Amino acid sequence: MRWPRTRRGRRRAFQAAVLLSVVALAPSAWLRLSEGDRVGTVESAPEAPVAVVFGAGLFDGEPSPYLAHRLDAALTLYQQHKVQAILVTGDNSRDDYDEPDAMQAYLVGHGVPEVRVVEDYAGFDTWDSCTRAHRIFGVDRAVLVSQTFHVRRALALCQAAGIDSYAVGVHEPEDVTWYYGGLREIPGAGKAALNAWLRPDPRFLGAKEPGITKALTDAAGH
């Protein structure tokens, strides 16, 4: 592709490039501006019935470091009595990959009663996790847990799904993995804007699940 030779052509090319940049970055700006006062830390998080932890990959069947850090934050929320139940939502689309079971095993291994950790096996992306949390598990209010580069998108989508949410952003060293995650959020923000507008059904809807109700009933009895 040749750069235009005339001044008018160069000006139009520059204007087109600026317009494309604005269009590409507008969803990211929307996420940052619309949800700023609902993003914080474990310490600033309000009490809520449920913490929602989003999957972030496995290494040899165990939570990846990023996922373990999310689970540690949810564990602290539980230990500080800010939440009574934890919904772990992730990918179990094939037999040899099971994020929710690995997440539950991690939390139970760190002292959370099994009944308080509820698994969503069809959290294939952030929108699916949010809308299923509300429509399948009956979550109306929650603290969301993810890395700082992802948590605003999770917050916007869960709000759109009908969940009154607060987001805890887990900080990580700004290394290659962190920058890669941040870059993924640029197209992810565009997809989030469409999901928040159109509110499609998740890839798998299914029947309502009683796990959160059972977890909160157990919490009320202790």
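Comments concerning the overall build of the chain
Scanning the chain from N- to C-terminus turns up seven helices and eight strands. When the 222 residues of the chain are sorted by exposure, 46% land in the buried category. Considering only contacts in the chain between residues 6 or more positions apart, those separated by 24 or more positions represent 74%. Of the accessible surface of the chain, which amounts to about 12,000 Å², a share of 57% is contributed by carbon and sulfur atoms.

Considering helix 4 (residues 126–135)
Among the ten residues that make up helix 4, eight are buried, leaving the element largely enclosed by the rest of the structure. Burial in helix 4 covers these residues: Thr126, Trp127, Asp128, Ser129, Cys130, Thr131, Arg132 and Ala133. The N-capping residue of helix 4, defined by a side-chain oxygen 3.3 Å from the backbone nitrogen of Trp127, is Asp125.

Quick look at the packing of helix 4 against helix 5 (residues 148–161)
Any two packed helices are characterised by how steeply their axes cross, that is the angle between the axes, and by the distance between the axes. Here helix 4 crosses helix 5 at 40 degrees, and the two axes come no closer than 9 Å. By the angle between their axes, helix 4 is oblique relative to helix 5. Between helix 4 and helix 5 lies a crossing of right-handed hand. Along its contact with helix 4, which presents Thr126, Trp127, Cys130, Thr131 and His134, the element helix 5 presents His150, Arg153, Ala154, Leu157, Cys158, Ala160 and Ala161. Classifying every residue of the contact of helix 4 with helix 5 by side-chain character gives seven nonpolar, four polar and one charged.

So, the nonpolar core
In a soluble, globular protein the nonpolar side chains are often hidden away together inside. Core analysis: the largest hydrophobic core is formed by 29 residues, its most contacted members being Val53, Leu71, Leu77, Ile86, Val88 and Leu107. Looking at this core, the elements that each hand over two or more residues are strand 2 (50–54), helix 2 (65–79), strand 5 (85–89), helix 3 (99–109), strand 7 (141–147) and strand 8 (164–170). Per-element accounting of this core gives the leading share, eight residues, to helix 2. Setting aside chain neighbours within four positions, we find Leu107 in contact with Leu71, Leu75, Ile86, Val88, Val112 and Val117. Counting residues in each nonpolar core, the second largest holds 27 residues, with Val52, Val118, Ile136 and Ala215 among its members.

Re the state of the cysteines
A covalent bond bridging the sulfur atoms of two cysteines is what the word disulfide describes. One pass over the structure, following the stated rule, counts one disulfide. Each sulfur in the disulfide pair Cys130 and Cys158 lies 2.3 Å from the other. With the S-S bond torsion at -80 degrees, the cross-link from Cys130 to Cys158 turns out left-handed. With Cys130 in helix 4 and Cys158 in helix 5, this pair connects stretches of sequence that are 28 residues apart. Among the residues examined, Cys158 registers a relative accessible area of 1% and is labelled buried.

Brief notes about the pairing of strand 6 (residues 117–120)
For a regular strand, side-chain orientation follows a simple rule: the groups alternate between the two sheet faces. Covered by surrounding structure in strand 6 are Val117 and Glu119 together with Val118 and Asp120, the residues of both alternating faces. The pairing of strand 5 with strand 6 spans four bridges and is parallel. Pairing of Leu87 across the sheet is with Val118, part of strand 6. The parallel pair strand 5 and strand 6, bridged by helix 3, forms a crossover whose chirality is right-handed.

Rules used throughout
Residues numbered from 1 in each chain as written. Predicted model: local features only at pLDDT ≥ 70, side-chain atom pairs only at ≥ 80, totals over all residues. Heavy atoms only, no water. Helix = DSSP H or I, 4+ residues; strand = E, 2+ residues; numbered from the N terminus. Buried < 20%, exposed > 50% of the residue type's maximum accessible area, 1.4 Å probe, protein only. Contact = heavy atoms within 4.5 Å. Areas by Shrake-Rupley, 256 points an atom, 1.4 Å probe, with all protein chains shown as cover. Polar contact = N/O pair within 3.5 Å; in protein donor to acceptor, adjacent residues only side chain to side chain. Axes fitted to C-alpha atoms, helices over the stretch in contact; angles between N-to-C directions. Parallel < 35°, antiparallel > 145°, perpendicular 65-115°, else oblique. Left-handed = near helix turned anticlockwise from the far one by under 90°. Nonpolar A, V, L, I, M, F, W, Y, C, P; charged D, E, K, R; others polar. Core = buried A, V, L, I, M, F, W, Y, C linked by side-chain atoms within 4.5 Å. Disulfide = S-S within 2.5 Å. Pairing = 2+ DSSP bridges. Right-handed = clockwise from strand over helix to strand, strands pointing away.

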